Every structure is written in C-alpha cells, then in structure tokens.
Amino acid sequence: MKIIQIPFCFYPEPVGGTEIYVDALSRHLQALGVNVLIAAPGQENQSYFHHPLPVRRFAMCHELADLRELYGEGDELAAKEFSNILDEEKPDLVHLHAFTSGASVRIVRAAKQRGIPVVFTYHTPTVSCQRGTLMRGGTQVCDGKLDLHTCARCTLQGLGLNPISANLVGSLSPLVGQLAGMISLSGGFWTALRMTELIRYRHAAFDTLMSEADSIVAVSNWVKDVLVRNHVPPAKITVIRQGLCHAQSFTQAEWREDNSKDVSETILKIAFLGRLDPIKGVDILIKALLSDSQLPVQLDIYGVSQGGISNTYAKQLHHLAQKDPRIHFKCPVPANEVVKILADYDLLAVPSQWLETGPMVVLEAFAAGIPVIGSHLGGIAERVEHKVNGLLVEPNSIEAWYRELQRLCRDRDLRLRLEAGIHPPDTMQIVAEKMMTLYRHVRS
C-alpha cells in the first residue's frame, strides 16, 4: 500500500505538534510495510529525505490574488503541483492532516478525480473555527456549530474589533463583502467589511471537505461532537487518539520504578513546553506565581517563538517575569528529548486558552511519570482526570491557578496520589495499527 501524508509544513522548517505526529505515524507505518510519502506545501517544488522518509514539497503561489482563495477552496497553483505528484506517485490513498490554502479542498478533489480515497484528520480547532480557538469571545467554550453571523462576529472580535463593532459588522449581509471584493478592496477596514462573505466561503469549503473525504479521523471526543453538530455522519468519523511519538518499550513495573519521584524537596519544579502564543496561556501561569512571591515554585518555560505575534508575546512574558527569580526561560527542547527533560520535574503546566485536541505534551508528561495541571478544556480535560493523574483548572482565572499551585506546594500527599494515578500512554505504534485498519476499510 502506498500512502501520501499531507501536513501543513514539514522538516527542516520549524514544526508543530501535527507535523511531529505525521512524522511519527509515517515511521510506524513504514515499519508495518507501508510505502509512505510526505507531501507538504512549500516555497518551491522540492524532493528530499528526512531520515528514512521521502518528502516532496509542492509550490504555492507567493502572492494572494484574492482573499477568497485563503478562506475558500484554496491555492490553485498548489493543487496543480500536487496533482503532478499524484500522477507520478500513483498512491493508493491520501491522508490530509491540515486544512489551509495549500492543503485545501482543491487537493482533495485532485485525489478524488483520480479515484484515490482521502482520509482527513482534524488536528486543531482551526479546521472549523476561523478564530482558531473555539472559544467564543475568547473566554467561553463554543459548541462548534457553524453559524455565519455568529462566527463572523467572533472572528472580528478576535482580530481586535470591540464587541459592539464586531456585532455590527458581523451582522452585515455577505452581499456587502461581495461588492467590496468586486472592486478588489481588502486590508484593514475592507477585510472586516467582507468578513461575512469570507466566512461563508470558509464554511462552504469545510462542508465540501467533510462531504468529499471518505473518512474523518477525530483525535478526541470533543472533535467528534463538533463534527456531528455540523452534520457529518457519525459513521464517517473514527476516533483515534494521539499516541506518544517518541517512546521506548517498557513494562509498567519498570516504568513505575524508573519514574518514582522524591516529593520531600521543598521547591515544586514546574515545566511548560510549547509555543509562546497567547492561546497557550503562559501569562496566566506567570501572573498566578507573581500573586505570591513566597510560593516555593520553580517555573521553567521551554518556549518556542515562531515570529510575529509569538515574538511580541514572548517579549511581554519576559517583561512580566523579569523581576521574579523563580521563573526561567529555557531553549526549546527537541521532540525526542521531551520525556527525558520532563522526568526531572514535579509537574507539567498546560494553561491553554483554547480547545486542544491532545496536546501531545500531556502524553509526554505521563510517559515521564509526572502529573499535569491544565486548563479544564477540550483534549486536556479528556486526558487529565481531576485529582487522579492531575488537576484541572478554570482556564483564564489567575486566582484559580494560584489556588491549585498553592495546594500542590502544601500537600505533598496529593502529589504522591497524582503520580500513582498515572499510567503509561499509548504509543504511535498502536495509532499506526489502528490507522492501518481504517485505511483497509476505506479502500475496501
């Protein structure tokens, strides 16, 4: 069986959790005898190997001719170049892991026109939520039901419009945006004016993707719920949770012995690993610590800055924490070293302000034998059992985060109970085996 896996980007570029997942899945599929090719959008057409994996990059248009390409069916050049890859490689199946202008509905159609089945995995809320977080107004969990004006208002507010202006502009007819688009008005005010039209294109593209893909993989239960609310047939959805990407074989007895912690130390060592982005909520964690300068905590932030908003946010975090000696900013950790690094800590903090589908770092914490304190949202709440293997906290409440950190500092028995409640997570080998079963079913 020959399968093309399509992420948003790929190594050697800076990558996120989805690309790490695709890399690990592909390696395990190779071990099962599958002929795997990674194909990802890029600056130009290119072929190379990333360790044992063959990689082909297909060029995208460098200039956006129309905003409707970004919100709608996608980049025409990328689809044309990917079509050439399909004709040359002749895969048995295409597995799409992103929904962007480069990895778009046009890509799916190119495969389907050639009789090639398509599997799509919903990895992040950006698949169905233009704001990208599934947090309505930035603070309330959204049920994910697509509604033109509701989504337009929320997206505009996320772009910086005040709630009154966002409600007003987000209530306009899409015809207003069409008229602005006809005379090529875009940027700033004009893009805001076109938002209902653009959201309509995005929703139509999402509906087309869900209709034309042969099978949809949900990596968490909340994703399946969102898809069902948007009329995706339940029979078309398979829940396959993420697995630990970099794992060693071990027995549970060995794991327990190797990962036992000494909780007699007076300092609670906490790690954060992830993007330095407002949706990751590191500022909430820092502010919780700053509310009590005597709290015996060491916070090490292994942050990844990806430019733009990320760089601005990173500067804000450094400024916020600059006078607190308990808070340290560390260099990013290579994916294959995360579990080893985490084993030296007492706790992993995941203060996300959006609906995570994993996140992968929770599995890595459990592999290291340390509990998680995380936001009571999405995939975090599905992975972390409150007071069993971690603590779940109201997402954007500094006071709630402080209370739980204070409790962990004072109650060492709680930390022991949480560690005892941890079980080794599934590996990507198990995920690959489940995926193979799905692939065979889709092709049958």
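Here we summarise the structure given alongside this text. Quantities reported herein were computed from a predicted structural model and do not represent experimental measurements.

This brings us to the packing of aromatic side chains. Counted by the stated rule, this structure contains four aromatic pairs. Aromatic side chains Phe58 and Phe82 sit 5.4 Å apart centroid to centroid with 55 degrees between the ring planes, which places their arrangement in the tilted category. Remark: Phe82 occurs in helix H3 (residues 76-89) and Phe58 occurs in strand S4 (residues 53-59); sequence separation between them is 24 residues. Across this residue pair, the class does not change: Phe58 and Phe82 are buried.

With respect to the secondary-structure elements, Tyr345 resides in the loop between helix H14 (338-342) and strand S14 (347-350). Along the chain, Tyr345 and Pro174 lie 171 residues apart, while their C-alpha atoms are 52 Å from each other. Within polar-contact distance, the side chain of Tyr345 engages the side chain of Tyr302 at 2.6 Å.

Soluble, globular proteins show a tendency: their nonpolar side chains are buried together. Grouped together as the largest cluster of nonpolar side chains are 55 residues, with contacts concentrated most on Ile4, Ile6, Phe82, Val94, Phe120 and Leu227. Among the elements that line this core, the one with the most residues is helix H9 (residues 195-212), at seven residues. When neighbours within four sequence positions are excluded, Ile4 is seen to be in contact with Leu37, Ala39, Phe82, Ile85, Leu86, Glu89, Pro91, Leu93, Val94 and His95. Core analysis: the next-biggest nonpolar cluster, separate from the first, contains 35 residues, Ile20, Val34, Met428 and Met435 among them.

Reading across the sheet, the eight strands line up as S3-S4-S2-S1-S5-S6-S9-S10 and stay open at both edges, with mixed pairing between neighbours. Each having just a single partner strand, strand S3 (46-50) and strand S10 (237-239) make up the two edges of the open sheet. Sheet twist, expressed as the mean angle between neighbouring strand axes with direction ignored, is 25 degrees. Relative to S4, strand S2 (residues 35-42) runs parallel, the two sharing five bridges. Within S4, the position partnered with Gly42 by the bridge is Ala59.

Scanning all chains against the criterion turns up one cavity of 30 Å³ or more. The volume enclosed by the largest cavity comes to roughly 130 Å³. Surrounding the largest cavity, 14 residues form its lining, Cys129, Leu134, Cys142, Cys151 and Cys154 being those nearest its centre. A total of four residues in the lining of the largest cavity trace back to one element, the largest contributor, which is helix H5 (residues 148-158). Looking at the lining of the largest cavity residue by residue, the classes come out as six nonpolar, five polar and three charged.

On to the pattern of salt bridges, then. Under the defined criterion, the tally for this structure stands at 20 salt bridges. Residue Lys2 is joined to Glu89 by a salt bridge in which the shortest nitrogen-to-oxygen separation is 2.6 Å. Here Lys2 is found in strand S1 (residues 2-6), whereas its partner Glu89 is found in helix H3, with 87 residues between them in sequence. For Lys2, a relative accessible area of 16% translates into the label buried. For Glu356, the salt bridge goes to Lys280, with nearest N and O atoms at 2.7 Å. One end of the pair, Glu356, is in the loop between S14 and helix H15 (360-368); the other, Lys280, is in the loop between strand S11 (268-275) and helix H12 (282-290), and 76 residues separate them in sequence. For the residue pair Glu356 and Lys280, the accessibility class agrees, reading buried in each case. Residues joined in a network through salt bridges with shared partners are Lys2, Arg56, Glu88 and Glu89.

With three bridges connecting them, S14 and strand S15 (residues 372-375) associate as parallel partners. Bridge assignment links Val350 to a residue of S15, and that residue is Gly374. Viewed along the sheet, the connection from S14 through H15 into S15 turns out right-handed. As paired strands, S15 and strand S16 (residues 390-393) are joined by four bridges and run parallel to one another.

What follows is about unusual backbone geometry. In this structure, Pro12 follows Tyr11 across a cis peptide bond, with omega equal to 10 degrees. Mapping Pro12 onto the fold places it in the loop between S1 and helix H1 (17-31). The residue after Gly358, namely Pro359, is reached through a cis peptide bond having omega -15 degrees. You can see Pro359 is positioned in the loop between S14 and H15. We note that Lys90 has phi near 50 degrees; this positive angle belongs to a residue other than glycine. Its place among the elements puts Lys90 in the loop between H3 and strand S5 (93-96).

Let's shift gears to the environment of Leu146. With respect to the secondary-structure elements, Leu146 resides in the loop between strand S8 (140-141) and H5. Spatially, the C-alpha atoms of Leu146 and Ile107 are 23 Å apart, while their sequence positions differ by 39 residues. Beyond its immediate sequence surroundings of up to four residues, Leu146 is in contact with Ser128, Cys151, His203, Phe206 and Asn230.

A few words on H5. Within H5, the full set of buried residues consists of Cys151, Ala152, Cys154, Thr155 and Leu156. Looking at the buried positions of H5, the neighbouring elements they touch are strand S7 (135-136), helix H6 (163-169), helix H8 (189-193) and H9.

The next thing to look at is the state of the cysteines. Tallied over the full model, the rule gives zero disulfides. Take Cys9: it sits in no disulfide, and the sulfur closest to it among the cysteines is that of Cys245, at 15 Å. Note on Cys9: relative accessible area 7%, which makes it buried. No disulfide involves Cys61; its sulfur sits 19 Å from that of Cys9, the nearest cysteine.

Each value, and the rule that gives it
Counting starts from 1 at the beginning of each chain's written sequence and moves along it residue by residue. In view of the model being predicted, local features appear only for residues whose pLDDT reaches at least 70, and side-chain atom pairs are presented and counted only at 80 or more, with totals across whole chains, interfaces and linings using the full set of residues. Side-chain measures were taken over the full set of non-hydrogen atoms in the model, leaving aside hydrogen atoms and water. Two rings from Phe, Tyr or Trp (for Trp, the six-membered ring) form a pair when their centres sit within 6.5 Å of each other. Planes less than 30 degrees apart are called stacked, planes more than 60 degrees apart edge-to-face, and all others tilted. Starting at the N terminus, helices and strands are each numbered in turn, a helix being any DSSP run of H or I of at least four residues and a strand any DSSP run of E of at least two. Exposure is judged per residue with a 1.4 Å probe applied to protein chains only, and the accessible area is read against the type maximum: over 50% gives exposed, under 20% gives buried, and values in between give partly exposed. Polar contacts, as counted here, are pairs of nitrogen or oxygen atoms within 3.5 Å of one another; within protein the pair requires one atom able to donate a hydrogen and one able to accept it, and residues that are adjacent in sequence qualify only if both atoms are side-chain atoms. In plain words, nonpolar cores are sets of buried Ala, Val, Leu, Ile, Met, Phe, Trp, Tyr and Cys residues tied together by side-chain atoms within 4.5 Å. Contact between two residues is taken to exist if any of their heavy atoms lie within 4.5 Å; hydrogens are not considered. At least two bridges found by DSSP between two strands is the condition for calling them paired. All axes are obtained by fitting lines to C-alpha atoms, using only the stretch in contact for helices, and the reported angles, taken between N-to-C directions, cover 0 to 180 degrees. In this analysis, the protein atoms alone were mapped onto a 1 Å grid. Cavities are point sets where a 1.4 Å probe fits without being able to get out; pockets are open sets with protein on both sides within 12 Å along at least five of seven lines; lining residues have an atom within 4 Å of a point. Grid points are joined across faces, edges and corners, and a volume is the space filled by probe spheres set on the points. Only Asp, Glu, Lys and Arg are considered charged in this grouping, and only Ala, Val, Leu, Ile, Met, Phe, Trp, Tyr, Cys and Pro are considered nonpolar; every other residue, Gly among them, is considered polar. Any Lys or Arg side-chain nitrogen located within 4 Å of an Asp or Glu carboxyl oxygen qualifies as a salt bridge. By convention a crossover is right-handed if, when the strands point away from the viewer, the path from the first strand over the helix to the second runs clockwise. Here, two cysteine sulfur atoms that lie within 2.5 Å of each other are counted as a disulfide.

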